[in-house]
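Report on the structure
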Number of protein chains: 2
Amino acid sequence: MLVNGIPTDQVPLSDRGLQYGDGLFETIAVIDSKPRAWHRHMVRLARGESALGIPETDKEQLYSEALSLSHGLLNGVLKIIVTRGSGGRGYRPPEVCKPRRILSLHNWPDYPDHWFTEGVQLRVCETRWSRNSRLSGLKHLNRLEQVLARQEWQDPEIAEGLMLDEAGSVISATQSNLFAVVDGELVTPDLSQSGIAGVMRELVIECAGKLGIPVRIAAIDVEGLKQADALFLTNSIMGICPVAALSDHRFKDHKPAAKLRHEIIEAIAGSA
Amino acid sequence: MLVNGIPTDQVPLSDRGLQYGDGLFETIAVIDSKPRAWHRHMVRLARGESALGIPETDKEQLYSEALSLSHGLLNGVLKIIVTRGSGGRGYRPPEVCKPRRILSLHNWPDYPDHWFTEGVQLRVCETRWSRNSRLSGLKHLNRLEQVLARQEWQDPEIAEGLMLDEAGSVISATQSNLFAVVDGELVTPDLSQSGIAGVMRELVIECAGKLGIPVRIAAIDVEGLKQADALFLTNSIMGICPVAALSDHRFKDHKPAAKLRHEIIEAIAGSA
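Just so it is clear, the structure is predicted and the values come from calculations on it, not from any experiment. (Residues numbered from 1 in each chain as written. Chains lettered and ligands numbered in written order. Predicted model: local features only at pLDDT ≥ 70, side-chain atom pairs only at ≥ 80, totals over all residues.)

1. Focus: the packing of helix α6 (residues 199-211) of chain B against helix α8 (residues 255-271) of chain B
All names here are of chain B. Between α6 and α8, the shortest axis-to-axis distance is 9 Å and the interhelical angle comes to 105 degrees. Between α6 and α8, the angle is such that the two are roughly perpendicular. Every residue of α8 that contacts α6 at L203, V204, C207, A208, K210 and L211 is listed here: E263, I264, A267, I268 and S271. Per-class residue counts for the contact of α6 with α8 are 8 nonpolar, 1 polar and 2 charged. (Axes fitted to C-alpha atoms, helices over the stretch in contact; angles between N-to-C directions. Helix = DSSP H or I, 4+ residues; strand = E, 2+ residues; numbered from the N terminus. Parallel < 35°, antiparallel > 145°, perpendicular 65-115°, else oblique. Contact = placed C-beta atoms within 7 Å. Nonpolar A, V, L, I, M, F, W, Y, C, P; charged D, E, K, R; others polar.)

So, in structure tokens, the structure goes:
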């Protein structure tokens, strides 16, 4: 672990990340000592810094810190937190902010193989996404809604939980974005009011475009998802993972949807 | 500063308060070495712990830690943070949580005297409160909305900013609750979907009840506030503070409203 480049596993109590969740994070796959999709993660981080009014961190410095942590690692997960830094009591940011860079390495998660061959089981969470267009899309540190949603189930057979907004539109799963395949087209939820705009989601949308697969960003509810030919989840660590069932609805083995998914997986592997 | 009873100014990086804002806080006035309205603060903290599924902290232990920090202090601010404790990567709370207690003392804020004699100037913030009935009312650590709202102005002549919800209802100011005096009645915003249910707000409602002053909890918009006889703000440190002006609307010197405010201030002083 590195905090502002210095090996330590502690941060000051005065850090506004702890006090108010005043910061951002990125979760990055490390393969063969290299952080994957680095540039995309840094573009999103910079977008978040700008939206929150946090002075922009030096991305080359972050890269050299990331490389020094990842050196010799076959695979793992690099988590980068950037907070607004330390401050006094009160919501008002200090006049001069010195953002704090917090890098930590974690084990590669032990996803069962059958998730990727047979698909995963989803449930629908009761905890909703709130709507706030100033915060939507950002991977900021205010994540209580996901914590409460993930706390709703213990069954290890259920891989993920869908989270809706107040109006009943599906926004995402607790830690992944969502795509539906409908008549050869991809549909993914609109994130203009809620949700996190995932780096893997962005890659899927781009690669689909290159493959000539239409992508529609739209509101979709649970019943709409059940009528899709297939669903898959995306995040930077898991990649692309098919969905076998949503609550009691099982998705049939829809060959064209599986083919489309594999084409995208190959296109992403080729572009990385 | 005390973390789990031990003097230190650091917390582990693995703390879920930093990682996800997974925790709660209380801001308590300390006068003559004693934390004020201690029991009310602890009732709210326990309500938050229950709502987030954080194992309940020992309030007697917290009290003894609070007293040891406050010993010999004429006046100051005690901030108590309770997080879900340390955990691994991922939103899912660990099977066994060991909450972390973080206590820190801060200087009494330097409020100008004229705030309390002549009233303060308010503005209306662009940053909105999001709606989430699972989180509303709680003083949890996901406070980016207030940070962004407080970041909107620098003018030291403006004491506070009103924050509305998506529908345009006024919920609170950035760090205080709000009451309007309308024809001898108190009106304060409904916090069932957004906002923090302040300890001083609760005291005002209770004391008004004892004084026979009607209190209505209702949706109210900015235009509605401008039509009130008077407004005042409440929080545990500032107490009760009159409002001189809301944007360009000045409140007239409404004698009955001022009398009512003073009656409540006296009742609260008597009940403490």
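2. Here's the deal with the confidence of the model for chain A
Across chain A, the average pLDDT comes to 96, with 100% of residues at or above 70. What the predictor reports for the complex is a pTM of 0.96 with an ipTM of 0.96. (pLDDT = per-residue confidence, 0-100.)

3. Observations regarding the relation of the copies chain B and chain A
The operation relating chain B to chain A is a screw motion whose rotation component is 180 degrees, with 0.0 Å of axial translation and a residual RMSD of 0.0 Å. What we have between these two chains is a two-fold relation. When the interface residues of chain B are mapped onto chain A, 100% of them again lie at the interface, so the same face is used by both copies. (Least-squares fit on C-alpha atoms with pLDDT ≥ 70 in both.)

4. Quick word on the pairing of strand β10 (residues 170-173) of chain B
Strand residues, when the strand is regular, have side chains that alternate between the two faces of the sheet. Here strand β9 (residues 158-164) of chain B runs beside β10 of chain B; their pairing, made up of 3 bridges, is antiparallel. Bridging across to β10 of chain B, M163 of chain B finds its partner in S172 of chain B. (Pairing = 2+ DSSP bridges.)

5. A few points about the nonpolar core
Ranked by internal contacts, the top residues of the largest apolar core, which has 146 residues, are A180 and L231 of chain A together with A180 and L231 of chain B. Ignoring sequence-local partners within four residues, the contact set of L231 of chain A consists of L178, F179, A180, L225, V243, L246 and F251 of chain A. (Core = buried A, V, L, I, M, F, W, Y, C linked by C-beta atoms within 7 Å. Buried ≥ 20, exposed ≤ 12 C-beta atoms within 10 Å, placed from the backbone.)

6. Comments concerning the sheet that holds strand β7 (residues 100-106) of chain B
Two strands in a sheet stick together by hydrogen bonds in their backbones, pointing the same way (parallel) or opposite ways (antiparallel). All names here are of chain B. Strand order in the open sheet formed by 6 strands is β2-β1-β7-β6-β4-β5, and the pairing between neighbours is antiparallel. Only two strands of the sheet have a single partner each, and these edge strands are β2 (6-7) and β5 (34-35). Relative to strand β6 (residues 75-83), strand β4 (residues 23-31) runs antiparallel, the two sharing 9 bridges. Paired with E26 across the two strands is I80, which belongs to β6.

7. Quick look at the domain arrangement of chain A
Residue and element names in this part refer to chain A. Under the domain assignment used here, chain A contains domain 1 (2-106) and domain 2 (114-271). In this structure, domain 1 and domain 2 have C-alpha centres spaced 26 Å apart. Facing 17 residues of domain 1, the contacting portion of domain 2 comprises 10 residues. Secondary structure elements with two or more residues in the side of domain 1 that touches domain 2: β4 (23-31) and α2 (38-52). Among the elements that line the side of domain 1 that touches domain 2, the one with the most residues is β4, at 7 residues. Residues that form the side of domain 1 that touches domain 2 fall into these classes: 8 nonpolar, 6 polar and 3 charged. (Domains from an automatic or database assignment.)

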